[in-house]
Amino acid sequence: MASQHWLVLPVLGQVILTIVVGVFTLRARIRAVMGGETTLRKIALNNAAWPEPVRQFGNNFDNQFQVPALFMAAVAFYLATGLSDAVAVVIAFVFLAARIAHSIEHVTSNNVVRRMMFFLASVAAMAALWAWFAIRFYVTG
């Protein structure tokens, strides 16, 4: 399998992670309303009206549209320019692993320090992916 095919796998993993977190968020929200923990009227304009575990899932779902957007843009640039290589693939898988760890931490024990470490690892991987792209694009062309 060529490097561009390998590079798409972490993107697919990120998409699957987003869908899974979204489904868990929806399920938690439905249970909270059906269980009487909140009402649709209370949460219509105020996400703080959700019970804490539901907010954890919702916040994590929102996180899937922040740093991952920069990751996906980087992968798109690699694919569009034909500059994907083994280094980019490894960095992309590190990014995905950090995002999965961040999500698991966020919706379970939610230890903020540990969660931040996973978040920073994903940001570092995303930055490294962009830096490697810049080097490949401008130096090795």
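Residues numbered from 1 in each chain as written. Predicted model: local features only at pLDDT ≥ 70, side-chain atom pairs only at ≥ 80, totals over all residues. Heavy atoms only, no water.

Visitor: Would you mind going over the packing of aromatic side chains in detail, with residue names and values included?
Guide: The description of an aromatic ring pair uses the distance of the two centres, along with the angle that the planes make with each other. According to the stated counting rule, one finds nine aromatic pairs in the structure shown. With a centroid separation of 4.2 Å and an interplanar angle of 15°, the aromatic rings of Phe 71 and Phe 95 are classed as stacked. Of this pair, Phe 71 sits in helix H4 (residues 67-81) while Phe 95 sits in helix H5 (residues 86-107), and the two are 24 residues apart along the sequence. Note on Phe 71: relative accessible area 0%, which makes it buried. Take Phe 95: its relative accessible area is 1%, and that puts it in the buried class. The interplanar angle of 65° and the centroid separation of 5.7 Å between the aromatic rings of Phe 77 and Phe 133 together place this pair among those described as edge-to-face. Pair noted here: Phe 77 is in helix H4 and Phe 133 is in helix H6 (residues 112-140), with a separation of 56 residues, a long-range link. On the basis of relative accessibility, which here comes to 43%, the residue Phe 77 falls in the partly exposed class. (Phe/Tyr/Trp six-rings, centres within 6.5 Å; stacked < 30°, edge-to-face > 60°. Helix = DSSP H or I, 4+ residues; strand = E, 2+ residues; numbered from the N terminus. Buried < 20%, exposed > 50% of the residue type's maximum accessible area, 1.4 Å probe, protein only.)

Visitor: Provide a residue-level description of the pattern of salt bridges, including the pertinent values.
Guide: Evaluation of the coordinates by the stated rule reveals two salt bridges. In this structure, Arg 136 engages Asp 85 in a salt bridge whose closest nitrogen and oxygen atoms are separated by 3.3 Å. With Arg 136 in helix H6 and Asp 85 in the loop between H4 and H5, this residue pair connects regions lying 51 residues apart in the sequence. In terms of burial, Arg 136 and Asp 85 fall into one category: buried. (Salt bridge = Lys/Arg side-chain N within 4 Å of Asp/Glu carboxyl O.)

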